[in-house]
Amino acid sequence: MDKELATTNAARNKKKLRATATKTASTRGVSGGKAKVAKSTSSNKKSQVQAPNGLTKDKLSSLPPEILQLTLNNIKDPSTISALGRTCKSLYSIMMPRLYGCIAVAAMFHAHIPKLIRTLEPHLTIAQKKQLKKEGKYKGQQERYSSRLDEKAKPICATYVRQMIVGVADPGRKHRYIVDRYIEEAFKNMDNLEIVETRVLTKSIAQSLASLKNLKALRLFSSSVEAEDMKPLAKIKNLKHLDIQDYSGFGNSIDRNITQSILRNSMSTLQSLVVETNMYAGNFLQDWKGKAAGMDGTTPESCSFTALKSLSLSGITIDASAVKSLHKAIDFMRLGELTIVHFNDTDGLLLQYLTSFTSSQSTGTGINLRKLSLKMSDNTFGHTSEQKKAQFEAKCRFISSFGTLTTLELPDYGQYPDSIATNPGLADILLQAILKHKNLRCLRIPYKGKMSGMKVPYLSATTVEVIIAGLPQLQEFEFAPEEEQIDQIAEALVKSPRLKNVTCFPYTSWGSYPAPDHPGDNIISSILKAFLSYEDSKCTGKFVWEDHYQLRRVSLSWKTWDIASKFGKGEKGMMKPEKIKGKDEQREVWFRDVTRSFARRIHVGYDPDHEWVEKVDKEIL
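Bear in mind that the values here come from a model prediction, so they are computed numbers and not experimental data. (Residues numbered from 1 in each chain as written. Predicted model: local features only at pLDDT ≥ 70, side-chain atom pairs only at ≥ 80, totals over all residues. Heavy atoms only, no water.)

**Structural notes on helix α9 (residues 203-211)**
- Where α9 is concerned, the buried positions are Ser204, Ile205, Ala206, Ser208 and Leu209.
- If you follow the buried residues of α9, they end up packed against α8 (176-189), β5 (195-198), β6 (217-221) and α10 (227-230). (Buried < 20%, exposed > 50% of the residue type's maximum accessible area, 1.4 Å probe, protein only. Helix = DSSP H or I, 4+ residues; strand = E, 2+ residues; numbered from the N terminus. Contact = heavy atoms within 4.5 Å.)

Laid out in structure tokens, this is it:
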């Protein structure tokens, strides 16, 4: 027993000694580590600056707020915005609203549905996702959900969305339901929407739009919408921009009462109005005087759109009652921008009405109109050649009745039958009307293409020279050139001191068969060589393009080149720069094909682009 007791005591003593040694070593190691950590922390405090909110301030966030915003505004790539937002908390709060600020979806075919689902699901609650999955199982749907999250909680990213674009979403009768349902549920959660453009409109979506408190701009494509589904839209108010496009057939057009309700609710705030319809839709302002006058006992004259600056009309039928309604609702002298595309006005009443106003202002001081787009062709069924001629002359008289424009667009001018051998060019009456506007900075005579059995009235070198000489402020010029005279036309363009952008489309060889090996290259080559060889461009020393000319872009509508003495790194889609020299081989300049760098279509097809959204976004800010 004594031996066993001695052995036990010895074992206990060894354990105590080991524990003491381990504790001593651990204490030494920890104290040494603390000293090292303290030293490291001390050095870090010297090298880092603490922001007021407690976050470490780096070089980017130390910039002035204005400079930081300008820098971040130039970041357009979503993956780059996402990566930058994940670097720190401060940038996360700045970049996430930018990442989710604009949502664009479309589903023209069944293969597009998964992408639409993946785009919208982050903005849905878990309960919504589960319910939609019960209604139809599709690729792109979330498979698992966390049990620790509130199923009814709205994702914070849904509150970041300010702009929503819904393109064509009709992948077929079988799948149309699920696409509509996803869009409906997404709209329910996006409470802070300010700009909406949609080709899909159901009763649920209409109710969501009517409930938005911050809605400032709305663009609707309502060709296939039931009138009952649109009734909630009548509650929308205080819009700044409204664009309604309705090309439905007999009896299926947008309810006029709903349109007028929206307009009446926004009379003091509406800045731009676009109405595109067909002759069967009737006058969207019919009986405007009677309906507006009785609302609060005010006179009809006080019910006009006092803030309206931009108006675009297309497809409407003009008669005496329509002119009277427009007179009561709109003050045309306050408009800064006016677009009149296609309208049925057999007697020319609208143009007579407008001309009477502009002609009465002899000095032009009471006319605010700066931008005018007036479609020059008359394709109205049943109009005789005499009626078409009278319409054309009425348009020319309106343009020449004042001289305040800075931008003039004359789409689809003067295509004539193939049977006529001589090119009529630009009519003198129209040329003189254009030259009345000495401050024109932008002149466009655009064409979408050549009509079957018709020819385009190409502009000759003489006409281009007259335009350039008569419009010294011209910066942007779009026209159809006589390709055989392209060298002489280029020499005329050189004499425009402020010219920045030139678009030449269409031209003789465009659409011809067989097509040339490098279509359009002769046009960019002729223009640049003419500029490089211009004798009045005095140069001592090294020639730098930017020191002599302001021309930065040449386009053929389907192809665009940028021009510079030196290019930096190109964006995605840009081609490698090419160099061209003048006749003396001394002057040279670079040009680069940038056609593929600015395409922002959602899918190939009848989808809206971002042009309207970006335009109104700038005006809202």
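**A short note on the nonpolar core**
- Counting residues in hydrophobic clusters, the biggest one holds 135 residues, and the most contacted among them are Leu209, Phe477 and Leu493.
- A per-element tally of this core places helix α19 (residues 521-532) first, with seven residues.
- Discounting residues that sit within four places of it in the chain, Leu493 has contacts with Val464, Ile468, Phe477, Phe479, Leu499, Val502, Ile527 and Phe531.
- Membership of the second largest hydrophobic core comes to nine residues, among which are Leu72, Leu84, Leu91 and Met96. (Core = buried A, V, L, I, M, F, W, Y, C linked by side-chain atoms within 4.5 Å.)

**Let's talk about the packing of aromatic side chains**
- According to the stated counting rule, one finds nine aromatic pairs in the structure shown.
- An angle of 80° between the planes, with centres 5.7 Å apart, marks the rings of Phe332 and Tyr353 as edge-to-face. Taken together, the residues Phe332 in the loop between α13 (320-329) and β10 (337-340) and Tyr353 in helix α14 (residues 349-360) connect sequence positions 21 residues apart.
- By relative accessible area, which is 9% here, Phe332 ends up buried.
- On the basis of an interplanar angle of 50° and a centroid distance of 5.0 Å, the ring pair of Trp545 and Tyr549 is categorised as tilted. Both residues of the pair, Trp545 and Tyr549, count as buried. (Phe/Tyr/Trp six-rings, centres within 6.5 Å; stacked < 30°, edge-to-face > 60°.)

**Comments concerning the environment of Glu546**
- By the element assignment, Glu546 lies in helix α20 (residues 545-548).
- Separated by 19 residues in sequence, Glu546 and Ser565 have C-alpha atoms that sit 7.0 Å apart.
- Dropping the residues within four chain positions of it, Glu546 is found in contact with Arg552, Ala564 and Ser565.

**Observations regarding the pattern of salt bridges**
- Taken as a whole and assessed by the stated rule, the structure comprises 20 salt bridges.
- The shortest N-O distance in the salt bridge between Glu185 and Lys188 comes to 2.9 Å. Pair noted here: Glu185 and Lys188 are both in helix α8, with a separation of three residues, about one helical turn.
- Here the salt bridges do not stand alone but share partners, grouping Glu135, Arg181, Glu184, Glu185 and Lys188 into one network. (Salt bridge = Lys/Arg side-chain N within 4 Å of Asp/Glu carboxyl O.)

**Remarks on the packing of helix α2 (residues 65-73) against helix α4 (residues 89-99)**
- Contact pair α2 / α4: the axes reach a minimum separation of 12 Å and the direction vectors enclose 40°. On the basis of their axis angle, the class for α2 and α4 is oblique. Here α2 runs over α4; the crossing is right-handed. Residue-level inspection shows Leu68, Gln69, Leu72 and Asn73 of α2 in contact with α4, the latter providing Ile94, Met95 and Arg98.
- Residues belonging to the contact of α2 with α4 are distributed by class as follows: four nonpolar, two polar and one charged. (Axes fitted to C-alpha atoms, helices over the stretch in contact; angles between N-to-C directions. Parallel < 35°, antiparallel > 145°, perpendicular 65-115°, else oblique. Left-handed = near helix turned anticlockwise from the far one by under 90°. Nonpolar A, V, L, I, M, F, W, Y, C, P; charged D, E, K, R; others polar.)

**A word on the environment of Thr422**
- Within the secondary structure, Thr422 is located in the loop between β13 (416-417) and α16 (428-435).
- As for Thr422 and Pro457, which are separated by 35 residues in sequence, their C-alpha atoms are 9.4 Å apart.

**Regarding the pairing of strand β21 (residues 588-593)**
- By the bridge criterion, four bridges tie strand β19 (residues 560-564) to β21 in an arrangement that is antiparallel. Within β21, the residue paired with Trp561 across the bridge is Asp593.
- The sheet contact formed by strand β20 (residues 578-581) and β21 spans four bridges and is antiparallel. The partner of Ile580 across the bridge, within β21, is Val589. (Pairing = 2+ DSSP bridges.)

**Structural notes on a nonpolar patch on the surface**
- Together, Leu63, Ile67 and Leu70 line one region of the surface with nonpolar side chains, adding up to about 250 Å² of accessible area.
- Mapping Ile67 onto the fold places it in helix α2. (Patch = residues over 30% accessible without salt bridge, like charges linked within 9 Å, V, L, I, M, F, W, Y side chains within 5 Å. Areas by Shrake-Rupley, 256 points an atom, 1.4 Å probe, with all protein chains shown as cover.)

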